[in-house]
Amino acid sequence: MHDPLVHEDDGEGQLALRSLPALLVALTVVTGLVDAVSYIALGRVFVANMTGNVVLLGFAVAGESGLSIAASLTAIAAFGAGAAAGGALGRRIADRGALLAAGATGSAVLLALACAGAFLAGDPVDGDWRYVLIVTMALALGGQNAVARKLAVPDLTTTVLTLTLTGLAADGVRAFKPRRLVAVAAMFAGALVGALLTLGPGPAWALLLALAVTAGVAASADRMRARRGAQDDPRL
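Predicted, not measured: the structure shown is a model, and the values here were computed from it. (Residues numbered from 1 in each chain as written. Predicted model: local features only at pLDDT ≥ 70, side-chain atom pairs only at ≥ 80, totals over all residues. Heavy atoms only, no water.)

So, on to the environment of Ala-221. Along the chain, Ala-221 falls in helix α8 (residues 203-232). With 202 residues separating them along the chain, Ala-221 and Ser-19 place their C-alpha atoms 8.4 Å apart. Not counting the four nearest positions on each side in its chain, Ala-221 is found in contact with Leu-23, Gly-97, Leu-100 and Ala-101. (Helix = DSSP H or I, 4+ residues; strand = E, 2+ residues; numbered from the N terminus. Contact = heavy atoms within 4.5 Å.)

With that settled, the discussion passes to the UniProt feature "transmembrane region" (unreviewed entry) in the protein. Taken from the UniProt record, the annotation "transmembrane region" (unreviewed entry) applies to residues 20-38, 45-63, 69-90, 97-119, 131-148, 181-198 and 204-221. Note that residues 69-90 is 100% helix and 0% strand, and that its end C-alpha atoms are spaced 31 Å apart. Secondary structure across residues 204-221 comprises 100% helix and 0% strand; the distance between its end C-alpha atoms is 26 Å. (UniProt positions renumbered as here; feature names shortened; annotations may be inferred.)

Glancing now at the packing of helix α3 (residues 69-92) against helix α5 (residues 128-151). Running from amino to carboxyl end, α3 crosses α5 at an angle of 40 degrees, the nearest separation of the two axes being 6 Å. Here α3 and α5 pass one another in a crossing that is right-handed. Here the contact of α3 with α5 is built from residues that sort into 15 nonpolar, eight polar and two charged. (Axes fitted to C-alpha atoms, helices over the stretch in contact; angles between N-to-C directions. Left-handed = near helix turned anticlockwise from the far one by under 90°. Nonpolar A, V, L, I, M, F, W, Y, C, P; charged D, E, K, R; others polar.)

Let us now look at helix α1 (residues 20-41). In this model α1 runs 31 Å from its N-terminal to its C-terminal C-alpha over 22 residues, within 8% of the 32 Å that 1.5 Å per residue would give. Gly-43 sits one or two positions beyond α1 and adopts a positive phi of about 90 degrees. (Expected span 1.5 Å × (residues − 1).)

A full pass over the atoms with the stated rule returns two cavities of 30 Å³ or more. Of the voids in this model, the largest cavity is the one considered here, and its volume is about 60 Å³. Looking at the largest cavity, the residues that line it are Leu-24, Leu-27, Leu-100, Gly-103, Ala-104, Ser-107, Gln-144, Val-147, Ala-148, Leu-151 and Thr-214. Where the lining of the largest cavity is concerned, the elements lending two or more residues are α1, α4 (96-121) and α5. Its residues placed into classes, the lining of the largest cavity shows seven nonpolar, four polar and no charged. (1 Å grid on protein atoms, 1.4 Å probe; cavity = no way out; pocket = protein on both sides within 12 Å on 5 of 7 lines; lining within 4 Å. Points joined across faces, edges and corners; volume = space filled by probe spheres on them.)

Cis geometry marks the peptide bond from Asp-123 to Pro-124; its omega dihedral reads 10 degrees. In this model, Arg-44 sits at a positive phi of 55 degrees, which is unusual for a non-glycine residue. Within the secondary structure, Arg-44 sits in the loop between α1 and α2 (50-62). The phi torsion at Asp-155 lies on the positive side, around 70 degrees, for a residue other than glycine. Looking at where Asp-155 falls in the secondary structure, it is placed in the loop between α5 and α6 (162-170). Using a relative accessible area of 15% as the deciding quantity, one classes Asp-155 as buried. (Buried < 20%, exposed > 50% of the residue type's maximum accessible area, 1.4 Å probe, protein only.)

Running from N to C, α4 and α5 point in directions that differ by 165 degrees, and their axes come no closer than 9 Å. The angle between the axes of α4 and α5 places the two elements in the roughly antiparallel class. The two elements α4 and α5 cross, and the hand of that crossing is left-handed. Partitioned by chemical class, the residues of the contact of α4 with α5 number 16 nonpolar, five polar and two charged. (Parallel < 35°, antiparallel > 145°, perpendicular 65-115°, else oblique.)

One finds Leu-24, Val-34, Leu-100, Leu-111, Met-137 and Leu-207 to be the most contacted residues of the largest nonpolar core, which totals 53 residues. Every element with two or more residues in this core is listed here: α1, α3, α4, α5, α7 (178-199) and α8. Per-element tally for this core: the top contributor is α1, with 10 residues. Setting aside chain neighbours within four positions, we find Leu-207 in contact with Val-34, Val-37, Ala-114, Cys-115, Ala-118, Leu-133 and Met-137. (Core = buried A, V, L, I, M, F, W, Y, C linked by side-chain atoms within 4.5 Å.)

In the structure shown here, the tally under the stated rule is two aromatic pairs. Ring geometry for Tyr-39 and Phe-46: centres 5.2 Å apart, planes at 25 degrees, overall stacked. Given a relative accessible area of 31%, Tyr-39 falls into the partly exposed group. Taking the centre distance of 5.3 Å and the plane angle of 85 degrees together, the rings of Phe-119 and Trp-205 count as edge-to-face. Taken together, the residues Phe-119 in helix α4 and Trp-205 in helix α8 connect sequence positions 86 residues apart. (Phe/Tyr/Trp six-rings, centres within 6.5 Å; stacked < 30°, edge-to-face > 60°.)

Written out as structure tokens, the structure is:
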């Protein structure tokens, strides 16, 4: 069946949507990586999955031991700030390739700070370093989520899978979209690898991998933007 979201030219010199899914799948892997670090190494808090984080905040307010009201509120606030910055970026940049490149670059810078902090803090991460990592990681993922929302590729929000899983179950076999299954697998793979690295050599190594993937997405989006711009240049 023809997918109307896959086409060669959108008439505005923007990155064709066929170029976006693979990069957004890579960012979905990043979500699994960073949430593995935050939940395992930073005391049961999410920096990307805000649905889970709000639920954990409710548990913490109710008095569940091992949960931190301050950590959850910090993550929610930082994620919101990152989303606001990503939204502002989306309003300023119309070109899809340029938007993804700029958003991923900003996220990579923040993840680099988090990675450096994790190496300096050692394992376990505690004290002020815990909040440094929560803030930088949640800012990065809030921005990533806002950019993905602006790009609006169905089933690839990069941070939320509830609607994706609902679509898989509710739409039936005839409406099956492999992209949904790929998104779920990407999140699972990121979480698994992130957990193995966090529990093994340490959270800094999981963040280093997240940084490498995000930087790769930024570079790839920028190359595609440049290539598309060259194709649209009337002087050529």
